[in-house]
Amino acid sequence: MGFRQRHSIPDLGVGVGFRLPHYSQILEEHPPMDWFEVISENFMVRGGKPLANLERLSAHYRVIPHGVSLSIGQTEPLCANYLARLKALVDRIAPPWASDHFCWTGSSHSNLHDLLPLPLTREAVLHVADRVRHVQDLLGRPFALENASSYLSFTSSTMPEWEFVCEVAERADCGLLLDVNNVFVSAYNHGFDAHAYIGAIPADRVVQIHLAGHEDKGTYLLDTHSDHVRAEVWDLYRQAIRRCGAVSTLIEWDQSIPAWDVLVAEAAKARAVRSETLGSETKADGTWMTAL
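Keep in mind it's a predicted model, so treat the numbers as computed, not measured.

A. Structural context of the overall build of the protein chain. When helices and strands are counted, the protein chain shows 10 helices and 12 strands. Against the 2.2 N^0.38 benchmark of 19 Å for 292 residues, the protein chain shows a C-alpha radius of gyration of 18 Å, consistent with a compact globule. In terms of overall dimensions, the protein chain has C-alpha extents of about 50 × 40 × 40 Å along its principal axes. Classification of the 292 residues of the protein chain by burial places 54% in the buried group. Sequence separation of 24 or more characterises 79% of the internal contacts of the protein chain that already satisfy a separation of 6 or more. By element, 52% of the accessible surface of the protein chain is carried by carbon and sulfur atoms, the whole surface being about 12,600 Å².

What follows is the structure, given as structure tokens:
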């Protein structure tokens, strides 16, 4: 039995990120949207307005926390205080899974606020997998890691990224958050086959998919989450959906954030592409929109 089946991972449909420019409209009008993703660190607090907003959001929608500062790959021990605050957030909203990234973000003394690449080695596989098992056990629910976009690589690497991702997921028995845009960006930057990457990912472990826009800088692509999803990324998404089936999908738009209607239209496009690819017009439970 696959990871999604063992953990009863639901298909939430197509959602968007919960971002400040849209707070008022979302919290006051409750517009139709399947689900929302929140940045974990923004709500890992003891009280105040962030938690009040989160409570209002989760009263009407399914909410999934997605972290950016766990730093699963750093060599120092994981921060116990960070993990305690993450667990408190997860316990508060009871999501079907939580996630972060295949990366490191600094050290215990300094957070660089960037998703830095890992050396793709057997040693790193064992190191990351051991830490993922610890996080998943602590949270008491499925945990997933996302492939991050990268611009540099380690000379010590001994395997392609998709092999590294697969080995960590298998050893840690965790889920995967497949960022299709990041696959495309990294494939361009490093010269590998994006379709081969998608084809190698263990489909049953993919609990969520990310779609986003990027910028072409001429000699490299930059993952900016600042534009519409590109045509080539939509093609990769079709391949991912054919391989993985109906998996919760998120539109990421974190810079140059557009009007709500523009974001909704991008989510609708994802919904249409997903439906066409799967040959179905509805989710498994017979609905598209979720408003609890």
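There is more to say, and it comes next.
B. Focus on the pattern of salt bridges. As enumerated under the stated definition, the model contains 12 salt bridges in all. For Arg 133, the salt bridge goes to Asp 130, with nearest N and O atoms at 3.4 Å. Highlighted residues: Arg 133 and Asp 130, both in helix H5 (residues 122-139), separated by 3 residues, approximately one helical turn. Across the pair Arg 205 and Asp 173 runs a salt bridge whose closest N-O atoms are separated by 3.0 Å. Of this pair, Arg 205 sits in the loop between helix H8 (194-200) and strand E9 (206-212) while Asp 173 sits in the loop between helix H6 (161-172) and strand E8 (175-179), and the two are 32 residues apart along the sequence. Relative accessible area serves as the criterion here: at 7%, Arg 205 is assigned to the buried category. With a relative accessible area of 28%, Asp 173 lands in the partly exposed category. The network of salt bridges with shared partners includes Arg 6, Glu 170, Asp 173 and Arg 205.

C. Main features of the packing of helix H9 (residues 231-244) against helix H10 (residues 260-278). One can describe the packing of H9 onto H10 by two numbers: an axis separation of 9 Å at closest approach and a directional angle of 45°. In this view, H9 runs oblique relative to H10, as classed from their interaxial angle. Seen from above, H9 lies across H10 with right-handed handedness. For the pair H9 and H10, the contacting residues are Trp 234, Tyr 237, Arg 238, Ile 241 and Arg 242 in the first and Glu 266, Lys 269, Ala 270, Val 273, Arg 274, Thr 277 and Leu 278 in the second.

D. Geometry of the environment of Ser 58. Its location among the elements puts Ser 58 in helix H3 (residues 49-58). It is 10.0 Å that separates the C-alpha atoms of Ser 58 and Pro 95, two residues lying 37 residues apart in sequence. A distance of 3.3 Å separates a polar atom in the side chain of Ser 58 from the backbone oxygen of Glu 55.

E. Summary view of the side chain of Glu 252. Within the secondary structure, Glu 252 is located in strand E12 (residues 248-252). Among buried charged residues, Glu 252 stands out as having no salt bridge; its nearest opposite-charge side chain is Arg 19, 5.2 Å away. Of the polar contacts made by the side chain of Glu 252, one reaches the side chain of His 210; its length is 3.2 Å. Excluding residues within four positions of it along the chain, Glu 252 makes contact with Glu 37, Asp 179, His 210, Leu 211, Ala 212, Gly 213 and His 225.

F. Fine view of the side chain of Ser 248. Relative to the assigned elements, Ser 248 resides in strand E12. Ignoring any residue separated from it by four or fewer positions in sequence, one finds Ser 248 in contact with Pro 10, Asp 11, Leu 12, Gly 13, Trp 35, Trp 97, Val 207, Gln 208, Ile 209 and Arg 274.

G. Looking closely at the pairing of strand E3 (residues 62-66). Here E3 lies mainly inside the structure; 4 of its 5 residues are buried. As paired elements, strand E2 (residues 35-39) and E3 share 5 bridges and run parallel to each other. Each bridged residue has a counterpart across the sheet, and for Val 38 the counterpart in E3 is Pro 65. Each parallel crossover has a hand, and for E2 linked through H3 to E3 it is right-handed.

Reading the values: the criteria
Residues numbered from 1 in each chain as written. Predicted model: local features only at pLDDT ≥ 70, side-chain atom pairs only at ≥ 80, totals over all residues. Heavy atoms only, no water. Helix = DSSP H or I, 4+ residues; strand = E, 2+ residues; numbered from the N terminus. Rg over C-alpha atoms; globule rule 2.2 N^0.38 Å. Buried < 20%, exposed > 50% of the residue type's maximum accessible area, 1.4 Å probe, protein only. Contact = heavy atoms within 4.5 Å. Areas by Shrake-Rupley, 256 points an atom, 1.4 Å probe, with all protein chains shown as cover. Salt bridge = Lys/Arg side-chain N within 4 Å of Asp/Glu carboxyl O. Axes fitted to C-alpha atoms, helices over the stretch in contact; angles between N-to-C directions. Parallel < 35°, antiparallel > 145°, perpendicular 65-115°, else oblique. Left-handed = near helix turned anticlockwise from the far one by under 90°. Polar contact = N/O pair within 3.5 Å; in protein donor to acceptor, adjacent residues only side chain to side chain. Lys, Arg positive; Asp, Glu negative; His and termini not counted. Pairing = 2+ DSSP bridges. Right-handed = clockwise from strand over helix to strand, strands pointing away.

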